[in-house]
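# Fold and contact review
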Amino acid sequence: MNHAVDPGLMQAAEASGSTPSADLGAYWMPFTANRQFKKAPRLLARAAGMHYWDVHGRQILDAVAGLWCVNAGHARPRIVQAIQQQLAQMDFCPPFQMAHPSAFELAARLARLAPAGLGKVFFTNSGSEAVETALKMALAYHRVRGEGTRTRLLGRERGYHGVNFGGISVGGMVGNRKTFGLAVAGVDHLRHTHDPARNAFSVGQPAHGAEFADDLERLVALHDASNIAALIVEPVAGSTGVLLPPVGYLQRLRELCTLHGILLIFDEVITGFGRTGQPFAAQTFGVVPDMITCAKGLTNGCVPMGAVIVKDEIHDAFMTGPEQAIEFAHGYTYSGHPLACAAGLGTLDTYAEEGLLTRGSELGAQFAQAVHSLRGEPHVIDVRNIGLVGGIELAPLPGQTAQRAFQVFLDCYERGLLIRTTGDTIALSPPLIIESGQIDQIVETLRAAIRRAA
Ligand SMILES: Cc1ncc(COP(=O)(O)O)c(C=O)c1O
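Residues numbered from 1 in each chain as written. Predicted model: local features only at pLDDT ≥ 70, side-chain atom pairs only at ≥ 80, totals over all residues. Heavy atoms only, no water.

### Considerations on the packing of helix 10 (residues 215-223) against helix 11 (residues 249-260)
The geometry of helix 10 relative to helix 11 is characterised by a closest axis approach of 10 Å and an angle of 20 degrees between their N-to-C directions. Taken as axis vectors, helix 10 and helix 11 run roughly parallel relative to one another. Crossing of helix 10 against helix 11: the hand is right-handed. Contacts between helix 10 and helix 11 involve Leu216, Glu217 and Val220 on the former and, on the latter, Leu253, Leu256, Cys257, Leu259 and His260. (Axes fitted to C-alpha atoms, helices over the stretch in contact; angles between N-to-C directions. Helix = DSSP H or I, 4+ residues; strand = E, 2+ residues; numbered from the N terminus. Parallel < 35°, antiparallel > 145°, perpendicular 65-115°, else oblique. Left-handed = near helix turned anticlockwise from the far one by under 90°. Contact = heavy atoms within 4.5 Å.)

Okay, structure coming up:
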């Protein structure tokens, strides 16, 4: 297919103010092979429900909820109206020493969705900022309680916690260390839980590997618990290839963190808001962390927003000292932005009215069967799933990691399907409004593309 942008469409779009200029030079794109992209750009112009339309008017089925965020589907009327009304009423409200009612309302509604006991909410603008906020909160919490030696932060190999310095430090991605060096000092990592020799093609949670949690004992023996502030993990690692926690693993992590006084942070930027079949993965797996970081589905991707949801006792520990003192010297100009709060409230209304936060449980079995039907296709070396998340791992082309999956991505796009790839894993995370027939459409388009890539 010719990917050159149709000049007439671009002109019309520019006149309506909906797309940038056809000159693609100035925009330095994030996490993108810029030169390759600009030779054959994939430009989207419109979205509604389960679909995008590109600038040529071609319809594309969205199998990844944009980027794991448009959980209620695109252009949902309640969310659109809420944002429009808020913008007309009040564009901005300073968040320091001032506030507006909908920030309180959204915080209260989020706390009600979260596991019992996590009753306080701190707003940020992204998942990365939610992670930085949670890590700083953990350090400050121990200090305010007189345990200021607890400064070490723990993460896990193959973890992804956004792009800021704290996040890349606790994250476990080799590329970040290679490119950006040491980042934050005083960090260590658990081993990851991916164990294809025992667990390949597990349907749902892998049966083997709860004992990987005992790696925390190794770090405690090495650093001493009195020096460790927090452990951050994704309940399901998304960006490094859809890695599920083995049965019993998160429970064991919880027990060990409690035993050693280490705060347990679940990074639910991807797993939050119904992705695994419950509002949060903490509920799907029955494990209550001390903090949850979230973003993406919080506003259905419509306005940037993140949040840290924390246990009441963590918040309460800060509420000591003189009343006029700022208890936690942290925040962003756009924390609790009125447009983001409006989007968040419209989003939570939409989720509630349509029962979307548990739809992943209802459709989970059908989705599992559909993605696991790809077992046996050429080069498919593993299939992983939970709720409405699927990971299909392909054997890499010799010496060209990620290229086979990227070929499949391009092929699917040509045929009107948007998927995502990370390394050689294809990740599926469709909007939670997906219909049965669309699950089949995704998997059959993918099957044909995988066969062609063989
Ligand atoms: C688990 C996790 N944490 C943090 C982030 C970073 O979020 P953002 O891109 O909104 O900064 C992501 C993004 O995908 C994520 O998956």
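### A closer look at the site of the ligand
Lining the immediate environment of the ligand, one finds Ser126, Gly127, Ser128, Tyr160, His161, Gly162, Glu234, Ser239, Asp267, Val269, Ile270 and Lys296. Contact distances for the ligand include 2.6 Å between an oxygen atom and a side-chain N or O atom of Ser128. Note that a nitrogen atom of the ligand is positioned 2.7 Å from one of the side-chain N or O atoms of Asp267. Coverage of the ligand by the protein chains reaches 83% of its 390 Å² of free accessible surface. (Near = heavy atom within 4 Å. Polar contact = N/O pair within 3.5 Å; in protein donor to acceptor, adjacent residues only side chain to side chain. Areas by Shrake-Rupley, 256 points an atom, 1.4 Å probe, with all protein chains shown as cover.)

### Focus: helix 16 (residues 403-414)
An ideal rise of 1.5 Å per residue puts 16 Å on twelve residues; helix 16 measures up with 17 Å between its terminal C-alpha atoms. Residues of helix 16 that are buried: Arg404, Ala405, Phe406, Val408, Phe409, Asp411, Cys412 and Tyr413. (Expected span 1.5 Å × (residues − 1). Buried < 20%, exposed > 50% of the residue type's maximum accessible area, 1.4 Å probe, protein only.)

### Looking at the state of the cysteines
Scanning the model with the defined rule gives zero disulfides in all. In this structure Cys302 is a free cysteine whose sulfur lies 8.6 Å from that of Cys69, the closest cysteine sulfur available. Note on Cys341: no disulfide assigned, nearest cysteine sulfur contributed by Cys93 at a separation of 9.2 Å. In this structure Cys341 comes out as buried when scored by relative accessible area, which is 0%. (Disulfide = S-S within 2.5 Å.)

### Focus on the sheet that holds strand 15 (residues 425-428)
The four strands lie next to each other as 11-12-15-14, forming an open sheet whose pairing is antiparallel. Only two strands of the sheet have a single partner each, and these edge strands are strand 11 (380-386) and strand 14 (420-422). Each neighbouring strand pair of the sheet contributes to a mean axis angle of 20 degrees, computed without reference to strand direction. Pairing between strand 12 (residues 389-394) and strand 15: four bridges, direction antiparallel. Bridge pairing in strand 15 places Ile392 opposite Ile426. Of the strands in this sheet, strand 11, strand 12 and strand 15 touch helix 15 (residues 359-372), which is tilted by about 175 degrees from strand 11. (Pairing = 2+ DSSP bridges.)

### Brief notes about helix 4 (residues 77-89)
If you check helix 4, its first and last C-alpha atoms are 18 Å apart, about what 13 residues at 1.5 Å a residue would give, namely 18 Å. Inspection of helix 4 places Ile79, Ile83 and Gln86 among the buried residues, and these make up the whole buried set. In a view along the axis of helix 4, the buried residues occupy a sector of 70 degrees, so they form one face of it. Turned more than 90 degrees off the buried face of helix 4, the exposed positions are Gln84, Gln85, Ala88 and Gln89. As for helix 4, its buried residues are in contact with helix 5 (101-113) and helix 14 (338-354). (Arc of directions from axis to C-beta.)

### Let's talk about the pairing of strand 15
Side chains Thr425 and Ala427 of strand 15 all project onto a buried face; the interleaved residues Ile426 and Leu428 project onto the opposite face, where all are buried too. Pairing between strand 14 and strand 15: three bridges, direction antiparallel. The residue bridging Arg420 from the neighbouring strand is Ala427, located in strand 15. Following strand 14, the chain reverses through two residues before pairing antiparallel with strand 15; Gly423 in that reversal takes a positive phi of roughly 60 degrees.

### Considerations on the packing of aromatic side chains
Evaluation of the coordinates by the stated rule reveals six aromatic pairs. When the centroid spacing of 5.6 Å and the interplanar angle of 75 degrees are considered together, the rings of Phe122 and Phe328 count as edge-to-face. Of this pair, Phe122 sits in strand 4 (residues 118-124) while Phe328 sits in the loop between helix 13 (312-318) and helix 14, and the two are 206 residues apart along the sequence. Centroid distance Phe273 to Tyr351: 6.2 Å. Interplanar angle 25 degrees. Geometry classified as stacked. Of this pair, Phe273 sits in the loop between strand 8 (263-267) and helix 12 (281-285) while Tyr351 sits in helix 14; the two residues are 78 residues apart in sequence, bridging distant segments of the chain. Residue classification places Phe273 among the buried residues on the basis of a relative accessible area of 0%. Taken together, the ring pairs connect Phe122, Phe318 and Phe328 into an aromatic cluster. Between the NZ or CZ atom of Arg46 and the centre of the ring of Trp53, over which it lies, the distance is 4.1 Å. The cationic tip of Arg191 hangs over the ring face of Phe212; the distance from NZ or CZ to the ring centre is 4.2 Å. (Phe/Tyr/Trp six-rings, centres within 6.5 Å; stacked < 30°, edge-to-face > 60°. Lys NZ or Arg CZ within 6 Å of the ring centre and 35° of its normal.)

### Remarks on the sheet that holds strand 13 (residues 417-418)
Here four strands make up an open sheet; going across it, the order is 1-2-3-13 and the pairing mixed. Since the sheet does not close on itself, it has two edges, and those belong to strand 1 (44-48) and strand 13, each with one partner. Two strands pair when backbone bridges link them, and strand 1 and strand 2 (residues 51-54) are joined in this way by four bridges, in the antiparallel orientation. Bridge pairing in strand 2 links Arg46 to Trp53.

### What about the pattern of salt bridges?
Enumeration according to the criterion identifies 21 salt bridges in this entry. When salt bridges with common partners are traced through the structure, they connect Arg78, Arg109, Asp349 and Glu353 into a single cluster. (Salt bridge = Lys/Arg side-chain N within 4 Å of Asp/Glu carboxyl O.)

### Quick look at the packing of helix 4 against helix 14
One way to put it is that helix 4 packs onto helix 14 with a least axis distance of 8 Å and a crossing angle of 155 degrees. As the angle between them shows, helix 4 and helix 14 are arranged roughly antiparallel. As for the relative orientation of helix 4 and helix 14, their crossing is right-handed in sense. Contacts from Arg78, Ile79, Ala82, Ile83, Gln86 and Leu87 of helix 4 reach helix 14 at Pro338, Leu339, Ala342, Ala343, Gly346, Thr347, Asp349, Thr350 and Glu353.

### Focus: the environment of Gly241
Note on placement: Gly241 falls in the loop between strand 7 (228-233) and helix 11. A residue is classified by how much of its surface remains accessible, and Gly241, at 0% relative accessible area, is buried. Residues Gly241 and Ile442, spaced 201 residues apart in sequence, show a C-alpha to C-alpha distance of 18 Å. Once you skip the residues sitting within four places of it in the chain, Gly241 turns out to touch Arg384, Thr422 and Thr425.

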